[in-house]
Amino acid sequence: NSFRKLKKTAVYLLMILFHDCAVMAQSWNSVDGGANKQIQASVASIYCYKDTLFVGGSFDTLGGMKMVGAGKWDGIKYDSIGNFYGAPYSFVSHNNSLYVGGYFQKINGNSNNRYVAKYNGAGWDSVGGSAFHGAEVLCLASYNGDLYAAGWFSSQTVPGMMRIGRWDGSQWNALGTGITGSVTRVNCMAVYNGELYIGGEFGAANGMPAPYIVKWN
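Everything quoted here is computed from the prediction, not taken from an experiment.

Rules of the game
Residues numbered from 1 in each chain as written. Predicted model: local features only at pLDDT ≥ 70, side-chain atom pairs only at ≥ 80, totals over all residues. Heavy atoms only, no water. Helix = DSSP H or I, 4+ residues; strand = E, 2+ residues; numbered from the N terminus. Contact = heavy atoms within 4.5 Å. Pairing = 2+ DSSP bridges. Core = buried A, V, L, I, M, F, W, Y, C linked by side-chain atoms within 4.5 Å. Buried < 20%, exposed > 50% of the residue type's maximum accessible area, 1.4 Å probe, protein only. Salt bridge = Lys/Arg side-chain N within 4 Å of Asp/Glu carboxyl O.

Participant: Help me understand the side chain of Thr 184 in this model?
Facilitator: With respect to the element layout, Thr 184 can be found in the loop between β16 (179–180) and β17 (185–192). In contact with Thr 184, not counting residues within four places along its chain, are Trp 152, Arg 163, Ile 179, Glu 201 and Phe 202.

This is the structure in structure tokens:
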């Protein structure tokens with residue numbers, strides 16, 4: 001009887017020990033000090049691309065090192081991917097390249113790289129940012145071989161490109177008459193069953209009633 005009681009006690013203690021270890025293992029940890037800014041830093045987007053984590057938002061440093069608006073994390077340290085004048089909001093992989101969208105007017109002082117840009121591994125290439133007017137590109141999606149950008153914007157050069165546009169590799173195109181309504185904004189996009197879905201604050205798409213969510217085929 002004494003041996004059985006001792007055995008039960010030992011099993012009970014081991015259960016407590018394993019439980020405590022599991023609880024201790026499940027915790028939040030800082031990623032090398034995180035992001036900082038003199039006034040209210042924020043991270044708007046994180047995206048995994050080719051075994052590297054890309055980070056975008058409104059900040060001046062990552063891991064204590066100067067990185068304005070964006071950086072990448074390899075699991076050990078942060079590295080710069082260029083200084084953004086503004087804030088990147090979204091990353092997406094498209095045709096084996098990384099694209100970024102957001103509310104930024106320059107990257108590394110180059111005003112050709114605004115609102116949407118393509119990463120070439122060492123810097124950024126223009127993706128027709130001059131087509132956007134008053135732009136906040138809130139989300140990007142790769143669909144049927146083209147790049148889609150959506151958010152809060154219009155265009156002075158592409159008729160009908162209202163809140164959403166399609167990049168065919170050389171120029172931006174409208175999707176019908178765009179997303180319309182008194183106060184409109186596209187907040188998110190996803191590809192599902194071969195169709196592109198968008199959601200946000202809007203009442204109509206291409207002139208048809210479409211309260212808050214609609215799909216494009």
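There is more to say, and it comes next.
Participant: How should the sheet that holds strand β5 (residues 65–66) be read in this particular structure?
Facilitator: Backbone-to-backbone hydrogen bonds pair the strands of a sheet. The strands run either parallel or antiparallel. Spatial ordering of the open sheet is given by β1-β4-β5, a layout of three strands whose pairing is antiparallel. Because the sheet does not close on itself, it has two edges, and the strands there are β1 (35–36) and β5. Where strand β4 (residues 61–62) and β5 come together, two bridges link them in antiparallel fashion. Counterpart to Thr 61 in the pairing with β5 is Lys 66.

Participant: Just to check I follow, could you spell out the nonpolar core for this structure?
Facilitator: Within soluble globular proteins, side chains that are nonpolar generally end up buried alongside one another. Grouped together as the largest cluster of nonpolar side chains are 17 residues, with contacts concentrated most on Val 116, Phe 132, Val 137, Leu 147, Ala 149, Met 161 and Trp 172. What Val 116 contacts, discounting residues up to four positions off in sequence, is Val 100, Gly 101, Phe 104, Val 127, Phe 132, Val 137, Leu 147, Ala 149 and Trp 172.

Participant: What should I look at first to understand the pairing of strand β9 (residues 97–107) in this one?
Facilitator: Look at any regular strand and the pattern is simple: side chains alternate between the two faces of the sheet. Of all eleven residues making up β9, eight are buried, and the element is well covered by its neighbours. Pairing analysis gives ten bridges linking strand β8 (residues 84–94) to β9, with the strands arranged antiparallel. Bridged to Ala 87 within β9 is Tyr 103. Counting the residues between successive antiparallel strands, the hairpin from β8 to β9 contains two residues, one of them, Asn 95, with a positive phi of roughly 50°. Pairing analysis gives four bridges linking β9 to strand β10 (residues 116–119), with the strands arranged antiparallel. Across the sheet, Val 100 pairs through a bridge with Ala 117, a residue of β10.

Participant: Would you explain the pattern of salt bridges in this entry?
Facilitator: Think of it this way: side chains of opposite charge can pair up when their charged atoms draw near. Using the criterion set out here, one finds five salt bridges in the structure. Linking Asp 79 and Lys 77 is a salt bridge whose minimum nitrogen-to-oxygen distance equals 3.8 Å. A residue is classified by how much of its surface remains accessible, and Lys 77, at 41% relative accessible area, is partly exposed. With a shortest N-O distance of 2.7 Å, Glu 201 and Arg 185 are connected by a salt bridge. Note that Glu 201 is positioned in strand β18 (residues 195–201) and Arg 185 in strand β17, a separation of 16 residues in sequence. A relative accessible area of 32% places Glu 201 in the partly exposed class. Under the relative-accessibility criterion, Arg 185 is labelled partly exposed at 30%. Here the residues in one salt-bridge network are Asp 74, Lys 77 and Asp 79, joined through shared partners.

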